[in-house]
Amino acid sequence: MALDTDTVRRIAKLARLHVEEDALAPLADELNNILGWVEQLDEVDTEGAEPMTSVVEMVQRLRVDVVTDGHVQDKVLANAPAEADGFFVVPRVIE
Amino acid sequence: MAALTDLTIAEAGAALEKGDFTARELTDAYLSAMETARGLNAYIEETPERAQAMADASDARRAGGKAEGPLDGIPLAIKDLFCTEGALSTAGSHILEGFRPTYESTVTQNLWDAGAVMLGKVNMDEFAMGSANITSHYGPTLNPWKASSGDNAGKDLVPGGSSGGSAAAVAARIAAGATGTDTGGSIRQPGAFCGIVGLKPTYGRCSRWGVIAFASSLDQAGPIARSVEDSAIMLGGMAGFDPKDSTSVDLPVPDYAAALTGDIRGLRVGVPAEYRMDGTPPEIEALWQQGVAWLRDAGAEIVDISLPHTKYALPAYYIVAPAEASSNLARYDGMRYGLRVEGEDLTDTYERTRAEGFGHEVQRRVMIGTYVLSAGYYDAYYLKAQRVRTRIADDFKAAWDSCDVILTPTTPSAAFALGEKQDDPIAMYLNDIFTVPASMAGLPAISVPAGLSADGLPLGLHLIAPAFGEETLLRAAHVLEGAAGFDVQP
Amino acid sequence: MTDTTDTTADAIPDHLVAHFTSRIGHNSADLIEGETGSWEIVIGMEVHAQVTSESKLFSGAPTDFGGEPNTHVSLVDAAMPGMLPVLNEAAIRQAVRTGLGLEAQINLRSVFDRKNYFYPDLPQGYQISQFSDPIVGEGRITVDLEDGESFEVGVVRIHLEQDAGKSVHDRIPDQTCIDLNRSGVALMEIVSKPDLRSGVEAAAYLSKLRSILRYLGTCDGNMQEGSMRADVNVSVRRPGEDLGTRCEIKNVNSIRFVRQAVDYEARRQVEILEEGGEIDQETRLFDPDRGETRSMRSKEEAHDYRYFPDPDLLPVVIDQAYVDEIAASLPELPDKKAARFVAEFGLSEYDAGVLVAERETAEFYEAVVDAGGAKRDPKIAANWITGDFFRRLNADDLEITASPVSAAQLGGLIDLIADGTISGKIAKDVFDEMWDSGNDADANRRGKGPQADQRQR
Ligand SMILES: [Mg+2]
Ligand SMILES: [Zn+2]
């Protein structure tokens, strides 16, 4: 399942990583090198093995429905690159 | 008397209790040692004022007869993956440039509650992705050890990673102990490279709340220290149930130091055939056999075991960990904190922020992770890897029928030179070949310095125990440590 | 709030949605007559209903509507580094309760997954949702039409997921302001089978669903505040043929708009098909000002959500005893209540349907009938409520809970008629005076007894 540059471009888009056009091919080579190596997993017979969902054999704990948090606007915004009137400010979202 | 910074946590704690010196004196000794060792680049941010204030508070507690316990007044280095309130917390990444959390991770809060003193934040591979501490935005940390002979004689060596700053700081005596995190070997491998003890607890033993996530199903905090006893003391301070982490296990924290009885008679030590891999240097194999002999001599029963899926742990890890990381790192988007690189529009801002904010190895893993989760590949890669992971966990479960702990080497080599393996990711990944299986199964494991390579560099032996078997693990490690008598310093 | 800009709100992937309809027959009057013959409209809905709870799905921050921006937000909701989700029991309880109310399969084991996409109102870079193992499986809703006909709509599943934050576009030029107050609030996504055949039916479905949720107390149904909004999937086909290509109209936030949106969209699709065109599978928005739908984006920029189980959470396992305990606490739901009103009180099906549509109305009605052990005439009570009482409520634009005449007061008035103190005709004047004054009937009937009646003649 070798990646071509179109696939690398699509994956980079999905991951929101800017990749220069001339960097796509070398990146494809790097990724193919790694993917080729992990494909040795095909040797493993996993018939009947459930995919692991959690390594701890527990089930989800449930929290009691009470308000214990919030009203920390200063903390929420403390590291914001841009803020105004209590909002985070981000580049315009195009509808 | 030895320099204050040469004392172990246990020794320093006893001396503080006796009043031989104050926590402030101990802290100041470390602060000045840190200044002279800045060439190692172990610390990303030193926090001397905070350290002195914490030390003074410790002294005041002790004077009032209210000392907290063995960690009260002990100066520690904190891996930069832990969020520490008001102190820089960057995960070694440009994308968290300047990030100062308004909150404290549970593990560090537990340590401060136990009276420990924060010296600063230590360097690491970016987002804990690396085995050499060379992917940090803040530059590489150097191993305080130098090879005495061979090709690498005199060269700068890597400390291992990702907790490279932690291991280098503890080995260089610029922290009495340090927190680390281990996802595939990131505590144990640098522990082995720097000649100190690195302990990865059972998944769920230490809270992940406030620890910047790399791969959520694998990440586990643990101590890096100069002795097994110190590791036991530190783990006692770090561990505990945390309702804020759904994967935290609600079990009491034992007195780990009390488990160090020195008696392992009858302990069944498993030696897995599959860890005998092609290309492993003979000195690693020899050290492993030496470890077997030490434990046998101490009264343990040696058992040959099989962990058939061992060789598949590393490739499975390089699907599962990047997959989780690709999602965990999606929040670093330049919108709410950290770096923002303005682009032409929103999407361009996302893409430029993340391309500039993440280093190459992080981007590579985010790409791999995105790919293996994407439509059409999820079953072939991600689900397959998680099935293999079940097989790996089942291997260990079967092994526990015939043994109580497992002994293996920690790493396939001693520390290598800065710049080596840099261009070959798989060669770099292979550093973790012996440590990853326990990570995939969520098991506790420890690396103990056990000898020197032909070139005079430390080598570690690695013990693995069943889930929540930390007491047995530490007891066996303590005996191994005693037998090895590793007392060389960098 | 309804963030109609959230183009990335989810769609359940095709392989997880039952695309066969369970609807057998329907009213043929609903067909669209085109130039080339008749067309059948096929509609399925995904309704996002805000779970009634104090705190959010995975954090202890409050769920209250409104508030200063970013105040109902915890560090978890803002996706600060190292923050972790912890599941709210109330969300599980409410989802199970809703499932039981829709006679649905309750899954004792369910899983939370991450749905990955980038959007500034989605701080984690993923939405925690349920993908292949939702908490509730197949169920059904009986939908009633104005003409008294009713039909059943299949429910495919209900899953729990996080709401997103809100984007505000008009505050700062060329920038968007983000408020995370809604971020992380628990939503139930209720997915129907494609069993609806007209805008009227779609509106009736949403109305009935809203009624049931309000009876159950699992969602307040406040569509103005965005507590319920519907993604409406519309396609058209020749009767009896395979399903056509569908368009999804996102985030429709009123029952009336659902009807208008379906009517517009079905006609648009028929026009295209009759001209020999093809329908693009796409996401559309309903513009209430123009009464039309418009394309939000084509599927070219296809999404790939890369769902996988959230490794910060563990499988949710509940036991049958927990489900049984919730089942035992369910209220009488509208269908059963209406049947009882017909059987016990002799009401017409129509009146019974009107009285049970809102839980508060049904409760008011039963309080009027109940004269403290004795029973008032249920038909007279029904006539009063559906007549003068509703007239005044509508005229004053009041909710029944804000009525100036209480159930006990209305009961008192009916008692005066029953014992002959006042005539039914005079009672209407007395009622209006009670409404305006807030007084009991006794106080308002002075000078209006039978004698007064005669004097006026
Ligand atoms: Mg949907
Ligand atoms: Zn949804």
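Our structure is the block above this text.
Residues numbered from 1 in each chain as written. Chains lettered and ligands numbered in written order. Predicted model: local features only at pLDDT ≥ 70, side-chain atom pairs only at ≥ 80, totals over all residues. Heavy atoms only, no water.

1. Let's talk about the interface of chain B and chain A
Item 1. Contacts between the two partners involve 69 residues from chain B and, on the opposite side, 52 residues from chain A.
Item 2. Interface area for chain B against chain A, summed over the two sides, is near 5,300 Å², with a carbon-plus-sulfur share of 67%.
Item 3. The largest contributions to the chain B side of the interface with chain A come from B:E351, B:M367 and B:Y371, which together make up 13% of the buried area.
Item 4. Linking A:E57 and B:K397 is a salt bridge whose minimum nitrogen-to-oxygen distance equals 3.0 Å.
Item 5. Breaking the side of chain B that touches chain A down by element, the ones donating at least two residues are helix 9 (310–328), helix 10 (346–357), helix 11 (360–373), helix 12 (378–399) and helix 13 (425–429) of chain B.
Item 6. Tallying contributions element by element places helix 12 of chain B first for the side of chain B that touches chain A, with 13 residues. (Contact = heavy atoms within 4.5 Å. Buried area = accessible area lost by both parts, 1.4 Å probe. Salt bridge = Lys/Arg side-chain N within 4 Å of Asp/Glu carboxyl O. Helix = DSSP H or I, 4+ residues; strand = E, 2+ residues; numbered from the N terminus.)

2. Here's the deal with the interface of chain A and chain C
Item 1. Tallying the contact residues gives 37 residues for chain A and 50 residues for chain C.
Item 2. Approximately 3,800 Å² of surface area, both sides summed, lies buried where chain A meets chain C, with 61% of it carried by carbon and sulfur atoms.
Item 3. The largest per-residue losses of area from chain A upon contact with chain C belong to A:Q60, A:R63 and A:F87, which jointly make up 20% of the total buried on that side.
Item 4. On inspection of chain A and its partner chain C, the count reaches 2 salt bridges.
Item 5. Between chain A and chain C we count 22 residue pairs in polar contact (both at pLDDT 80 or more) in total.
Item 6. Secondary structure elements with two or more residues in the side of chain A that touches chain C: helix 1 (5–14), helix 3 (73–77) and strand 2 (87–91) of chain A. (Polar contact = N/O pair within 3.5 Å; in protein donor to acceptor, adjacent residues only side chain to side chain.)

3. Topic: the pairing of strand 5 (residues 197–200) of chain B
All names here are of chain B.
Item 1. What you see with strand 5 is no split at all: V197 and L199 on one side and G198 and K200 on the other are buried throughout.
Item 2. Sheet topology note: the strand 5/strand 6 (residues 220–225) ladder contains 2 bridges and is antiparallel. Bridged to V197 within strand 6 is A225.
Item 3. For strand 5 and strand 10 (residues 445–452), the ladder comprises 3 bridges, and the chain directions are antiparallel. Looking at strand 10, one finds that L199 is bridged to I446. (Buried < 20%, exposed > 50% of the residue type's maximum accessible area, 1.4 Å probe, protein only. Pairing = 2+ DSSP bridges.)

4. Quick notes on helix 5 (residues 334–345) of chain C
Residue and element names in this part refer to chain C.
Item 1. Between its first and last C-alpha atoms helix 5 spans 15 Å; for 12 residues at 1.5 Å apiece the expected length is 16 Å, and the two agree.
Item 2. If you check which residues of helix 5 are buried, you get P334, K337, A338, F341 and F345. One face of helix 5 carries all of its buried residues, which in axial projection span an arc of 100 degrees. Facing away from the buried side of helix 5 by more than 90 degrees, the exposed set consists of K336 and A343. (Expected span 1.5 Å × (residues − 1). Arc of directions from axis to C-beta.)

5. Here's the deal with the packing of aromatic side chains
Item 1. The tally for this structure, following the rule as stated, stands at 32 aromatic pairs over all chains.
Item 2. Judged by centre distance (6.2 Å) and plane angle (45 degrees), the ring pair of A:W37 and B:Y429 falls under tilted. Pair noted here: A:W37 is in helix 2 (residues 24–38) and B:Y429 is in helix 13, and the two residues belong to different chains. With respect to class, A:W37 is no different from B:Y429; both count as buried.
Item 3. Taking relative accessible area as the criterion, B:Y429 reaches 2% and is therefore assigned buried.
Item 4. By the ring-pair criterion, three or more aromatic residues cluster together here, those being C:F364, C:W384, C:F389, C:F390, C:F431 and C:W435.
Item 5. Directly above the ring of B:W209 sits B:K244, whose terminal nitrogen or CZ lies 3.6 Å from the centroid.
Item 6. Over the face of the ring belonging to C:Y126 we find C:R114, whose NZ or CZ atom lies 4.1 Å from the ring centre. (Phe/Tyr/Trp six-rings, centres within 6.5 Å; stacked < 30°, edge-to-face > 60°. Lys NZ or Arg CZ within 6 Å of the ring centre and 35° of its normal.)

6. Some points on the sheet that holds strand 4 (residues 177–182) of chain B
Through backbone hydrogen bonds, the strands of a sheet pair up, either in parallel or in antiparallel fashion.
All names here are of chain B.
Item 1. Taking strand neighbours across the sheet as the criterion, the 11 strands line up as 1-3-2-4-6-5-10-11-9-7-8 in an open arrangement whose pairing is mixed. What marks the edges here is a single partner per strand, and that holds for strand 1 (43–46) and strand 8 (301–305). Here the strands of the sheet are splayed against their neighbours by 30 degrees on average, with no regard to which way each runs.
Item 2. Relative to strand 3 (residues 117–122), strand 1 runs antiparallel, the two being bridged by 3 bridges. Looking at the pairing, E45 lines up with K121 of strand 3.
Item 3. In the packing of helix 7 (residues 228–238) onto the sheet, contacts are made with strand 2 (75–79), strand 4, strand 5, strand 6 and strand 10, and the angle to strand 6 comes to roughly 145 degrees. (Axes fitted to C-alpha atoms, helices over the stretch in contact; angles between N-to-C directions.)

7. A short note on the layout of surface pockets
Think of a ball as big as a water molecule: rolled over the atoms, this probe shows where empty space is left.
Residues and elements named next belong to chain C.
Item 1. Approximately 1,800 Å³ is the volume found for the largest pocket.
Item 2. Going through the elements one at a time, strand 6 (139–144), helix 2 (199–216), helix 3 (255–274), helix 5, helix 6 (349–356), helix 7 (359–369) and helix 8 (378–396) are the ones with two or more residues in the lining of the largest pocket.
Item 3. Ranked by residue count, the leading element in the lining of the largest pocket is helix 2, at 8 residues. (1 Å grid on protein atoms, 1.4 Å probe; cavity = no way out; pocket = protein on both sides within 12 Å on 5 of 7 lines; lining within 4 Å. Points joined across faces, edges and corners; volume = space filled by probe spheres on them.)

8. Digging into the packing of helix 9 of chain B against helix 11 of chain B
Residues and elements named next belong to chain B.
Item 1. Where helix 9 meets helix 11, the axes come as close as 7 Å, and the angle between the chain directions of the two elements is 100 degrees. Classified by the angle between their axes, helix 9 and helix 11 sit roughly perpendicular to one another. On helix 11, the residues that touch Y318, I319, P322, A323 and S326 of helix 9 are R365, V366, I368, G369, T370, V372 and L373.
Item 2. Partitioned by chemical class, the residues of the contact of helix 9 with helix 11 number 8 nonpolar, 3 polar and 1 charged. (Parallel < 35°, antiparallel > 145°, perpendicular 65-115°, else oblique. Nonpolar A, V, L, I, M, F, W, Y, C, P; charged D, E, K, R; others polar.)

9. A few points about the pattern of salt bridges
All names here are of chain B.
Item 1. A full pass over the atoms with the stated rule returns 65 salt bridges over all chains.
Item 2. Put simply, D56 and R24 hold a salt bridge, and the shortest N to O gap is 2.9 Å. Linking D56 in helix 3 (residues 48–63) with R24 in helix 2 (residues 23–36), this pair joins segments that are 32 residues apart in sequence.
Item 3. For R24, a relative accessible area of 26% translates into the label partly exposed.

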